[in-house]
Every structure is written in C-alpha cells, then in structure tokens.
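# Structural features, examined
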Amino acid sequence: MYVELRNINKKFGNFQAADNISFSIEKGSLIGLLGPSGSGKTTILRLIAGLEDPDSGDIFIDGKRVNDLEPSHRGIGFVFQNYALFRYMTVFDNIAFGLEVQKKDKAYIKKRVSELISLIGLGGLENRRPHQLSGGQKQRVAFARALAPNPALLLLDEPFAAIDAKVRKELRSWLRETINKVGITSIFVTHDQDEAVEVADKIIITNHGRIEQMGTPVDIYKNPTTPFAAKFIGESSTIENYYNLHGFSRDEGYDKAIIRPEFVSISKLGKEIYPHASEQGIVKEVFFRGNMLEVKISIADNEIIAYRSLEDEELVPGEKISVLIYRLYLYNEDSVRLIENEILTSRPEFSI
Amino acid sequence: MKQKRKQTQWLLIFIGIVFITIMLVLPLATVLVYALRQGWNAFYGAINDDYTKMALSLTLKTTIVVVMINTLFGIFASWAVTKYRFRIKHILTTLIDIPFSISPIIAGLVFILVFGRIGWAYPFLEKFDISIVFATPGVHIVTIFVTFPFVFRELVPIMTAQGSDEESAAALMGAGWIRIFRKITFPHIKWGLLYGMILCTARALGEFGAVSVVSGHLRGKTVTLPLHVEILFNEFKITSAFAVSSILVIIAVIILIMRNIVEYRVKKEER
C-alpha cells in the first residue's frame, strides 16, 4: 500500500472533520475523494499533505510514517483549488520555483521546465503572467508546477471547481490522460459525482467526516453499501411505500427505497411489454435535457423520475402512462438492499 | 432638470474651491510670504542658523529611525494578522489603532510617566545610565508611538486580498520564509508599503504634541523642527519662525507629490 491512513481523527473546535478514518491506496492509482461540502474530504487531503496535523492516528506514505515530517519533506505535489499561482512570476518561473528551492542546477531546471511546458501543451506561453492565462491554462500551469520536483504523490483540491462547465469536461479527460502518462499516484477532491466517476480509478465517498464507501465507480454505482452512497451517486428519488408497487413486497427491515431513473421504463398505456409487472402513473412534468427528456411521474403517492428518448412518442403533463420498475434499493439507517421486480424475475418463461 | 443639475454641480465645486483656498492655500502661501518678507538674506540667515540646522538634523534622524522601525513592525504585524489564525487577532488589530485615536500629548505624558523621574522604569534606567525622557531616545520613542499604525494599516487590506495560498504553496515546495517574502509577498505589497512609509514620514516630520512633552525643549539637543518653530515664534522672531516653517512646507509638498506618484502606481497595479 502506497498511502495509508490509520484511525485518523481531526476536530476543528466542536466540528469533527475526520472521524476515525482509515483507508489505503495502491501505487499508481488515481483516487477521487467525493462528498458534499463539509464532509471532510478536503481535510483528509490537507492531513496527507501535512497542512493540518491529525489529533490522533497515523499517516504512512511509501511505508514511512510521515506524521512528524514537514509538508515539504513528504514528497508531495499539491494543486490548490484556486491554483495559487505566483502572480508576480512568469509561467516559467512558476514551474521552476520548486526546483530552484531544491537548488537544482540551471541547465536541469531549464530542461525540466520545458519538458513540463510541452507536457501541458503551453509551449510559447513561458513568459506570460498568470493573469494573462485562461482558467484552463492556469490549471495546467498549477499542475505542472506541482509535478516539477518529481513528487511521489500528487494531491489536487477541487481541481475543476474554478473552471467553466465547457472547458471542465475537456480538462477532465486531459488530466486523466496526463496523470496516467506520468504514472503518479494521485488523490483529488471533488463534490461533483460526474467528475469523480469519469476521472477516478477508485472513489472514496465521505460524509460527516467518515468514509461511507470505497471502490471503483462501477462498484459503488451498482452495489452501494450505505444509504448515503446509494443516494449520493446517480440521480435518485426516495419512495416511502415501495410495497404498494407491483412486483415489490414488504421487507420488515426496510421502510424506504431509493429509485434511479435507469430503473424505470415508461410507455404509453396499452403499449407496455410487461403489463402484469407495470403500474399506472401520471405525468407531472416533462423537462428537455438536451439529449433526452426527463419525465417527472407521480406513482402511488410518490414522485419519481424517468428518462425518455426524444425519438419516442410525446408525453404531456396529466397523461396517464404505464410505468415499469425493474429494481429498487431498500434502505434503513445503516444498510442497503437491492431488490428486483418479483413478477419480472419469477416468470421469465412468459417474456417471449 | 438638466439646468438644475448643472447649477448644483457648479455650486459644489465653488464651495470646494473657496473652502480649500481659505483653509489650505492661504495659510501655506502666508508661510512663504512671511518667510520672505524681510528679503532673501534674512530668510537665509534664519535657515543657516546653527540651532535650525541641529533641529533639522534631529528631525531627519528621527524620521529615518522611526520609518525604519515602523516599516519592520508594520510588515511583521500585518503578516501575523493576515497570514495566521490566532485568538487575540482582533484585540491586536484594535490596539495597533490606538495612536490614531489618542491625542499625541497624552502619548507624551504616558512616556514621561513610564520613563521619567517619577516613572516605574526610572530606577532601572538610571542604573544603566540610560536617559530617555528629555533626550533624543524619548523623541524617537514617542514619534514611533504616534506613527506606527500607518504602514500596518496600508498593508493589511493588500495582504488580506492576496490571501495566504501562494505562501502555502511555496512553503509546501520547501521554500524558506526569506525566499517566500522576497519572491511572493514583497512584489505584491511593495507599492502599498512605500505609500505607508510616505504617510509615516510625513507624520513623523511634523509631530509636535508628543515630542513637545518628552523633549524638554533643550535647544540644539532635543528640539525638532516643529518645536524650533514654536520657540522662534514665542521669541517674536516671526520671520525666522516662518522661514523654518517653510522648510517643513517644502518637504511636505515634495512628499505630497511622491505620494501621488505612488498612489497612481498602486492603482495601476490593482488594475
């Protein structure tokens, strides 16, 4: 294990920012710390960097306990949320700063910086000042500056938060590719699940200073182990009386369920494929989402959301439709259970 | 409607000009007029006087010492207040403002009470043969007291706006504080710092009340230019008094010009 946290606790006043946190990360992996604001994700990052000291617990990097090591001796590159580029220095000097601090010789610095500038694709902009760069360019410079001294671990605090939506998508894949190319173990913090899912090899979901779940994006999406993880990842709505729906019976241990749009298929009345397993609902609202329609449906006193292709027949609010629910996540205070539509699963022989 | 707005505009401009003429331009012009009333020779004589030269040299010396000390203090204090989090921060910021709200004469009296013959520090000072009150160190100390918020006040908003992320980033890469200050903090604050130093200089040159209390008016020893002006005036040497005053006025005008240049640079930097 390359980076390891053992029973880390950190309080700010009365606020428990890290509550007995333990996890470990393999060398070379790209990890996303995902959680709502105030969930402790940035604190974890700052603890690893040494910008904060834990109240208790141990932090290991490459097998060495680093608790008492100065931040600058931990072999870490850090990309700040707003980049914190040195505004009175050129792009070149910004990237060279860490190397100059390490008293590397001039020729090496020059070679390394030009290497990095071509890596981030900003050749020709060496003499620009930060205020002459766009948001995306600034982010690339911050990234190169953090990489310059060859750190063993790269930490990124909300790397895309300050960039507008359009450039953000482009930068995400760029960052992922570049990190893979360089092969550096990286941890980034984000509150945006799309970002985490798209960029990270593994996601750590944090909430109230605790780790809810750690796993690959697909794993977390398919098998959420906590109610929070189930609700936080993907679009979800909560259903109270799930046992009133066709094909679902009551499980005494669970009184609520989570439903995602992907679990729902809707069709015009009379055109459904599995009438026995379906339910009647009423269209509440239809939203255009660019590449598909988002339909808000009222069903058995609950509101759920389903997606519909633009190619399908048009639906109008107030219209009665047939709703088929494939599966649900049942949940209580501390566990989650996936259940399938019984009618569908019990008689597959009639389906053709 | 438009007519009316024009009238208001001219009225306000007129009031402004009249007020400034009566309160500022006329008195300053008077200084120069009175200084030169008995001709250039009398003016030159008054300025070339030994006591005047000694007063000028003490004033300049005091100003240099005070500006140096207050610049260092201002940088340290504003750094502490803006780059770190600590409990007594607000108390510290408020305390630093005290010289702005206290009459200088009270400041002078306070130092007499501390370092003077009746002061609690006196036995200690006497043992080591240090004299503060009625001596140049006293003049320096009260002037420092009166002028120390200037640099601090100028730097705090600039440093707050900059935040501490750049410094953290540099520290994380292993840079020492000297490098951090030289490469990151200083380029950012330099014009504001200079502006604060100029304000501090102006105030230090002209300080009268506090210095008057602690100096003891020892001619040629603890008399600064403003005190010298007062002494000449009390001796009915009106021309000499105004001649010496004109030195202060000229220095003030030079400072004003410098201040405007720096102000312009600060604004340009902010853009």
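Conventions and cut-offs
Residues numbered from 1 in each chain as written. Chains lettered and ligands numbered in written order. Predicted model: local features only at pLDDT ≥ 70, side-chain atom pairs only at ≥ 80, totals over all residues. Heavy atoms only, no water. Salt bridge = Lys/Arg side-chain N within 4 Å of Asp/Glu carboxyl O. Patch = residues over 30% accessible without salt bridge, like charges linked within 9 Å, V, L, I, M, F, W, Y side chains within 5 Å. Areas by Shrake-Rupley, 256 points an atom, 1.4 Å probe, with all protein chains shown as cover. Lys, Arg positive; Asp, Glu negative; His and termini not counted. Charge placed at Lys NZ, Arg CZ, Asp CG, Glu CD. Helix = DSSP H or I, 4+ residues; strand = E, 2+ residues; numbered from the N terminus. Phe/Tyr/Trp six-rings, centres within 6.5 Å; stacked < 30°, edge-to-face > 60°. Lys NZ or Arg CZ within 6 Å of the ring centre and 35° of its normal. Core = buried A, V, L, I, M, F, W, Y, C linked by side-chain atoms within 4.5 Å. Buried < 20%, exposed > 50% of the residue type's maximum accessible area, 1.4 Å probe, protein only. Contact = heavy atoms within 4.5 Å. Domains from an automatic or database assignment. Buried area = accessible area lost by both parts, 1.4 Å probe. Polar contact = N/O pair within 3.5 Å; in protein donor to acceptor, adjacent residues only side chain to side chain. Pairing = 2+ DSSP bridges. Axes fitted to C-alpha atoms, helices over the stretch in contact; angles between N-to-C directions. Nonpolar A, V, L, I, M, F, W, Y, C, P; charged D, E, K, R; others polar. pLDDT = per-residue confidence, 0-100.

### Observations regarding the pattern of salt bridges
Counted by the stated rule, this structure contains 24 salt bridges over all chains. Through salt bridges with shared partners, a single ionic network connects Asp 58, Arg 65 and Asp 68 of chain A.

### Looking at a negative patch on the surface
On the surface, a cluster of negative charge is contributed by Glu 240, Asp 255, Glu 333 and Asp 334 of chain A. Relative to the elements of secondary structure, Glu 333 of chain A occurs in the loop between strand E18 (327-331) and strand E19 (336-340).

### Notes on the packing of aromatic side chains
The full count for this structure, using the stated rule, is 16 aromatic pairs over all chains. Grouped by ring-pair contacts, the aromatic residues Phe 73, Phe 111, Phe 115, Phe 145 and Phe 148 of chain B constitute a single cluster. If you follow Arg 140 of chain A out to its NZ or CZ, it ends over the ring of Trp 174 of chain A, 4.5 Å from the centre. In this arrangement the basic side chain of Arg 145 of chain A is found over the ring face of Phe 86 of chain A, its NZ or CZ atom lying 4.4 Å from the centre.

### What about the nonpolar core?
Across soluble globular proteins, nonpolar side chains show a tendency to be buried alongside one another. Residue and element names in this part refer to chain A. Judged by nonpolar contacts, the single largest core of 47 residues is most densely connected at Leu 5, Ile 48, Phe 97, Leu 155 and Ile 187. If sequence neighbours within four positions are ignored, Ile 187 has contacts with Ile 25, Ile 31, Leu 33, Leu 45, Ile 48, Leu 153, Leu 154, Leu 155 and Leu 156. Of all hydrophobic cores here, the second largest spans 44 residues; its members include Leu 30, Ala 96, Trp 174 and Ile 233.

### A few points about the domain arrangement of chain A
All names here are of chain A. Partitioning chain A into domains gives domain 1 (3-232) and domain 2 (237-350). For domain 1 versus domain 2, the distance between C-alpha centres works out to 39 Å. Taken together, the 10 residues of domain 1 in the interface contact 11 residues of domain 2. Buried surface at the junction of domain 1 and domain 2, summed over both partners, amounts to about 770 Å²; 53% is from carbon and sulfur atoms. Of all residues in domain 1, the largest losses of buried area upon contact with domain 2 belong to Tyr 221, Pro 227 and Ala 230, amounting jointly to 59% of the total for that side. The tally of links between domain 1 and domain 2 comes to zero salt bridges. Seen at the junction of domain 1 and domain 2, the total is six residue pairs in polar contact (both at pLDDT 80 or more). Those elements that place two or more of their residues in the side of domain 1 that touches domain 2 are helix H7 (217-222) and helix H8 (227-232).

### Focus on the sheet that holds strand E10 (residues 210-215) of chain A
Residue and element names in this part refer to chain A. Judged by pairing direction, the sheet is mixed, and its six strands sit side by side in the order E6-E7-E8-E3-E9-E10 without closing on themselves. On the outer flanks of this sheet lie strand E6 (76-79) and E10, each paired with one strand and no other. Adjacent strand axes in the sheet meet at a mean angle of 15 degrees when their direction is disregarded. When strand E9 (residues 202-207) meets E10, the two strands line up antiparallel, connected through five bridges. Counted as the bridge partner of Thr 206 is Ile 211 from E10. Strands strand E3 (30-34), E6, strand E7 (153-157), strand E8 (185-190) and E9 of the sheet are contacted by helix H1 (residues 41-49), whose axis makes an angle of about 145 degrees with E7.

### Observations regarding a positive patch on the surface
On the surface, Arg 129 of chain A together with Lys 190, Arg 265 and Lys 268 of chain B cluster together to form a positively charged patch. Positionally, Arg 265 of chain B belongs in helix H14 (residues 238-270). For Arg 265 of chain B, a relative accessible area of 32% puts it in the partly exposed group.

### So, the side chain of Thr 147 of chain B
All names here are of chain B. Its place among the elements puts Thr 147 in helix H8 (residues 136-147). A distance of 2.7 Å separates the side chain of Thr 147 from the side chain of Asn 70, its partner in a polar contact. Ignoring any residue separated from it by four or fewer positions in sequence, one finds Thr 147 in contact with Val 66, Asn 70, Cys 200, Arg 203 and Ala 204.

### Here we look at the domain arrangement of chain B
All names here are of chain B. Parsing chain B into structural domains produces domain 1 (1-35) and domain 2 (50-270). A separation of 32 Å is found between the C-alpha centroids of domain 1 and domain 2. Contact residues are listed per partner, giving five residues for domain 1 and seven residues for domain 2. Between domain 1 and domain 2 lies a buried interface of about 530 Å² when both sides are counted; carbon and sulfur atoms form 88% of it. Applying the counting rule to domain 1 against domain 2 returns zero salt bridges. Counting every contact that joins domain 1 to domain 2 gives zero residue pairs in polar contact (both at pLDDT 80 or more). A breakdown of the residues in the side of domain 1 that touches domain 2 according to their chemical character gives five nonpolar, no polar and no charged.

### Section: the interface of chain A and chain B
Taken together, the contacts link 19 residues of chain A with 18 residues of chain B. Counting each side, the surface lost to burial between chain A and chain B is near 1800 Å², with a carbon and sulfur contribution of 65%. One salt bridge connects Glu 166 of chain B with Arg 87 of chain A, and the closest N-O pair in it is separated by 2.8 Å. Across the chain A-chain B interface, the total number found is three residue pairs in polar contact (both at pLDDT 80 or more). Broken down by element, the residue count for the side of chain A that touches chain B peaks at four residues, all from helix H2 (residues 91-101) of chain A.

### A closer look at the side chain of Gln 213 of chain A
Residue placement: Gln 213 of chain A occurs in strand E10. At a separation of 3.0 Å, a polar atom in the side chain of Gln 213 of chain A contacts the main-chain amide nitrogen of Thr 225 of chain A.

### Comments concerning the sheet that holds strand E11 (residues 237-239) of chain A
Residue and element names in this part refer to chain A. Judged by pairing direction, the sheet is antiparallel, and its four strands sit side by side in the order E11-E12-E18-E19 without closing on themselves. The two strands at the open ends of the sheet, each matched to only one other strand, are E11 and E19. Strand-to-strand twist in this sheet, taken as the mean axis angle between neighbours without regard to direction, amounts to 35 degrees. As paired elements, strand E12 (residues 256-259) and E18 share three bridges and run antiparallel to each other. Counterpart to Ile 258 in the pairing with E18 is Tyr 329.

### Considerations on the pairing of strand E2 (residues 15-25) of chain A
Residues and elements named next belong to chain A. Judged from the seven bridges that link them, strand E1 (residues 3-12) and E2 form a sheet pairing that is antiparallel. Residue Phe 12 lies in a different strand from E2, and its bridge partner there is Phe 15. Between E1 and E2, which pair antiparallel one after the other, the connecting turn spans two residues, and Gly 13 there sits at a positive phi close to 60 degrees.

### Points about unusual backbone geometry
In this structure, Asp 62 of chain A takes a positive phi of about 55 degrees despite not being glycine. In this fold, Asp 62 of chain A is placed in the loop between strand E4 (56-61) and strand E5 (64-65). We note that Asp 129 of chain B has phi near 60 degrees; this positive angle belongs to a residue other than glycine. Structurally, Asp 129 of chain B is set in the loop between helix H7 (122-127) and H8.

### Focus: the confidence of the model for chain B
The predicted model of chain B has a mean per-residue pLDDT of 89, with 99% of residues at 70 or higher. Within chain B, no element has a lower average pLDDT than H7 of chain B, which sits at 84, and none a higher one than helix H3 (residues 50-83) of chain B, at 93.

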